[in-house]
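For reference, the chains in residue letters:
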Amino acid sequence: MVVLLHLPRLHSAVFLTKSLSPYKTHFNLIPKLRRHVIKSTLSTTSEPTHNLTLPEEETPVQISLEKLFVPPETDVPSDASTLSLRSRILKGSNILLSKYARDAQVMQAEFVKSSVKTQDCPSDGFPEFALVGRSNVGKSSLLNSLVRRKRLALTSKKPGKTQCINHFRINDSWFLVDLPGYGYAAAPHELRIDWQKFTKDYFLNRPTLVSVFLLIDASIPAKPIDLEYASWLGENQIPMTLIFTKCDKRKKKKNGGKRPEENVNDFLDLIRGFFQAEPPWIMTSSVTNQGRDEILLHMAQLRNYWLKH
Ligand SMILES: Nc1nc2c(ncn2[C@@H]2O[C@H](COP(=O)(O)OP(=O)(O)OP(=O)(O)O)[C@@H](O)[C@H]2O)c(=O)[nH]1
Ligand SMILES: [Mg+2]
């Protein structure tokens, strides 16, 4: 099968040039693994790491050293093997823990406001993470799973439920942002154009946006629109983490369906080569809460680094 990709010039034109983006941090754009001595500071994280260790046979996707996401200020010894780093890799992801992974727990979560324009978004200056992805991919469900509430963000079987930029304040110090989905064929044309305009404007002009969390449905094969979206974020130097959703949906192989980890591998293979460094990614399910603690730790390390720089 040939997937037509519109992934223009990412490699040399964007990722190898100096950043022009307004964002404070560029977690996706840090150079490939720096091969220095690992800092002992990694072990200073206040989060327990014992439950993050993954026995080798359970590794869902093969991760080589080059494919790890190494947060800034985290050095890796030149002779490190994936095995020696295993206890520091977040389960079901390619993300290494850094010294900034602390205060990850959600104690308080509240809806703040819905905005249709970037200028109308809250002006508290708190760091924020935006959940974006195709309609029905599970953005609102993931938000509810992260904050351990059933209906803080409204979900629906019908695509197109979320229509605005919705800000949720967490622990009175940071925001989770629920966005409408793209690729909803049944939405009126004007609405789709509008969506493009207002969400893209939000990504480009929101200085407190620490990272976009791009949700990809792992229960189905890669969709060109998702690849295009990842490409657009990369091209515009917007920091991105890939969240693979619905990993609880395991189709039987004999029915021709692929397992989530196979779809994840396929997706990563398709985008590899367009990014200088492997983007961070995590496998999740809002039904089993797989990946919930890992996402929160990842958000914490991005946030704490962002606050310090
Ligand atoms: N099996 C399974 N179903 C899920 C998961 N996450 C979401 N769903 C279901 O997928 C449907 C869509 O979920 P939403 O969270 O509303 O999706 P959304 O991305 O916010 O959709 P829009 O707001 O329309 O863009 C609902 O029926 C959810 O119950 C998951 O991890 N596993
Ligand atoms: Mg939604």
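For the structure, check the block above.
The notes below deal with the structure included here. On a predicted model such as this, the values are computed, not experimentally measured, just so you know. (Residues numbered from 1 in each chain as written. Chains lettered and ligands numbered in written order. Predicted model: local features only at pLDDT ≥ 70, side-chain atom pairs only at ≥ 80, totals over all residues. Heavy atoms only, no water.)

## Let's talk about the overall build of the protein
Applied cut-off: Here a strand is any run of E in DSSP of at least two residues, a helix any run of H or I of at least four, and the numbering for each starts at the N terminus. Burial classification: accessible surface area is computed with a 1.4 Å probe over protein chains only, and a residue below 20% of its type maximum counts as buried, one above 50% as exposed, and the rest as partly exposed. Only heavy atoms enter the contact rule, under which two residues are in contact if any of them lie within 4.5 Å. The Shrake-Rupley method, run with a 1.4 Å probe sphere, supplies the accessible areas, and residue values consider only the shown protein chains as cover.
A tally of regular secondary structure across the protein gives 7 helices and 7 strands. Going residue by residue from the N terminus, the α and β elements of the protein occur as α-α-β-β-α-β-β-α-β-α-β-α-β-α. Out of the 309 residues belonging to the protein, those deemed buried represent 52%. In the protein, the share of contacts with a sequence separation of at least 24, taken over all contacts with a separation of at least 6, comes to 79%. About 14,500 Å² of surface is accessible on the protein, with carbon and sulfur atoms providing 52% of the total.

## Regarding the pairing of strand 2 (residues 128–133)
Every regular strand shows the same layout, with side chains that alternate between the two sheet faces. So the rule is basically this: Following DSSP output, two strands are said to pair if at least two bridges run between them.
Of all 6 residues making up strand 2, 6 are buried, and the element is well covered by its neighbours. Judged by which residues are buried, strand 2 turns out to be covered on both faces: Glu128, Ala130 and Val132 on one side and Phe129, Leu131 and Gly133 on the other are all buried. Relative to strand 4 (residues 174–178), strand 2 runs parallel, the two being bridged by 4 bridges. Considered in strand 4, the bridge of Glu128 is made with Phe175. Both strand 2 and strand 5 (residues 209–217) contribute to a ladder of 6 bridges, which runs parallel. Each residue of the ladder has a partner; that of Gly133, found in strand 5, is Leu215.

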